[in-house]
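# Descriptive structure summary
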Amino acid sequence: MIKEPLPSDESMLSDAKLRELLNVEDSFRVSAALAKRGKGRQDSHFIAAAIPEDDVRFLLNIFASGSPAPTSVEVAGLSFVSAFLNARGNECMNEAVCLIEVGESVSHFVFLNKGEMVLVGKFSFGGSMLRSKVVEDLGVDNELAGTILQDRSINISSTISDVMTPFLKQLSISKDFIERHQGCRISKVYVSGGLSLLPHWSEVLRPMVHAEVVHWNPFENIQYDPEVLPEALAKQATRFSAAVGAAIGGLEAS
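A short tour of the structure in this document, coming up. It should be emphasised that the depicted structure is a prediction, and the values quoted were computed from it without experimental measurement.

### Here we look at the sheet that holds strand 4 (residues 96–102)
Ordered in space as 6-5-4-7-8, the 5 strands form an open sheet in which the pairing is mixed. Two strands bound the open sheet, and with one partner strand each, they are strand 6 (116–123) and strand 8 (212–215). Direction aside, neighbouring strands of the sheet carry axes that sit 20° apart on average. Relative to the sheet, helix 6 (residues 157–182) contacts strand 4, strand 5 (107–113), strand 6 and strand 7 (186–192), its axis offset from that of strand 5 by approximately 15°. Against the sheet, helix 7 (residues 201–209) makes contact with strand 4, strand 7 and strand 8, and its axis sits at roughly 140° relative to strand 8, the strand it touches most.

### Quick word on the sheet that holds strand 1 (residues 2–4)
In space, the 3 strands of this open sheet follow the order 1-3-2, with antiparallel pairing throughout. Only two strands of the sheet have a single neighbouring strand rather than two, namely strand 1 and strand 2 (28–36). Strand after strand, the sheet turns through a mean of 40° between neighbouring axes, direction not considered. Here strand 2 runs beside strand 3 (residues 44–52); their pairing, made up of 8 bridges, is antiparallel. Residue pairing in the sheet places A33 in a bridge with I47 of strand 3. Against the sheet, helix 2 (residues 53–62) makes contact with strand 2 and strand 3, and its axis sits at roughly 65° relative to strand 3, the strand it touches most.

### So, the environment of R185
Its location among the elements puts R185 in the loop between helix 6 and strand 7. Linking R185 and T159, residues 26 residues apart in sequence, is a C-alpha distance of 30 Å. Other than its neighbours up to four places away in sequence, R185 contacts A96, E179 and H210.

### Describing the nonpolar core
One finds I100, F111, L171, W201 and L205 to be the most contacted residues of the largest nonpolar core, which totals 35 residues. Elements that contribute at least two residues to this core include exactly strand 4, strand 5, strand 6, helix 4 (127–138), helix 5 (142–150), helix 6, strand 7 and helix 7. With 7 residues, helix 6 is the largest single contributor of residues to this core. I47, F84, W216 and I248 belong to the second largest nonpolar core, which has 20 residues in total.

### Some points on a nonpolar patch on the surface
Residues F58, L59, I62 and F63 make up a contiguous nonpolar surface patch of roughly 390 Å² in combined accessible area. Tracing the chain through its elements places L59 in helix 2. On the basis of relative accessibility, which here comes to 35%, the residue L59 falls in the partly exposed class.

Definitions and limits used
- Residues numbered from 1 in each chain as written.
- Predicted model: local features only at pLDDT ≥ 70, side-chain atom pairs only at ≥ 80, totals over all residues.
- Heavy atoms only, no water.
- Pairing = 2+ DSSP bridges.
- Helix = DSSP H or I, 4+ residues; strand = E, 2+ residues; numbered from the N terminus.
- Axes fitted to C-alpha atoms, helices over the stretch in contact; angles between N-to-C directions.
- Contact = heavy atoms within 4.5 Å.
- Core = buried A, V, L, I, M, F, W, Y, C linked by side-chain atoms within 4.5 Å.
- Buried < 20%, exposed > 50% of the residue type's maximum accessible area, 1.4 Å probe, protein only.
- Patch = residues over 30% accessible without salt bridge, like charges linked within 9 Å, V, L, I, M, F, W, Y side chains within 5 Å.
- Areas by Shrake-Rupley, 256 points an atom, 1.4 Å probe, with all protein chains shown as cover.
- Salt bridge = Lys/Arg side-chain N within 4 Å of Asp/Glu carboxyl O.

Here it is, written out as structure tokens:
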């Protein structure tokens, strides 16, 4: 999320300006979306992203011939927002909420106020860190650590809390900032990603955010043949949030 004045006769910042604000070189491809236009002398808010051109060329080369051909290149870590808005957007258009997507090594959180994105955060925290901590604390191998994390009967709340503390502190600071400056209250925290499947996740998160923790399914409001998604995967549907969001973004761009 970046802030910058935008003349009334313009709808977007130039690529050069975006690179300057994102502190990247010409070797990066940049793009942005206008989240909120400033009034008068107020800054406008943009959701901006940058990706090395070499990475883009590599991705496009995978589909050099035949189908499917990509229609857009997205930052996967944020594409879960598109999936959320498609699944649950209508129910929070008059509320302030937080979205948290936790993957294997990186987590993202996004604050929405009445449907508008007001703050985006990224943190180097994920499932791999939790497994490593369990391995260290309990003296087990990585595979057994993954099994322990899934077992509600084993109390590892303190281990999870230790690893999550830096992430939760940043989340709490961001939440307080939004509530003060936006004059709102974060009523719900919507969680997705592989880590949200852990039985202890909500128990550790809820006391820190002081809000209802809600699990959601990225396949809500999407018509599909149930046989396409086996039962085992259907129970882990939250893992597909970013993929579903990227697909929605591609369809909107085409």
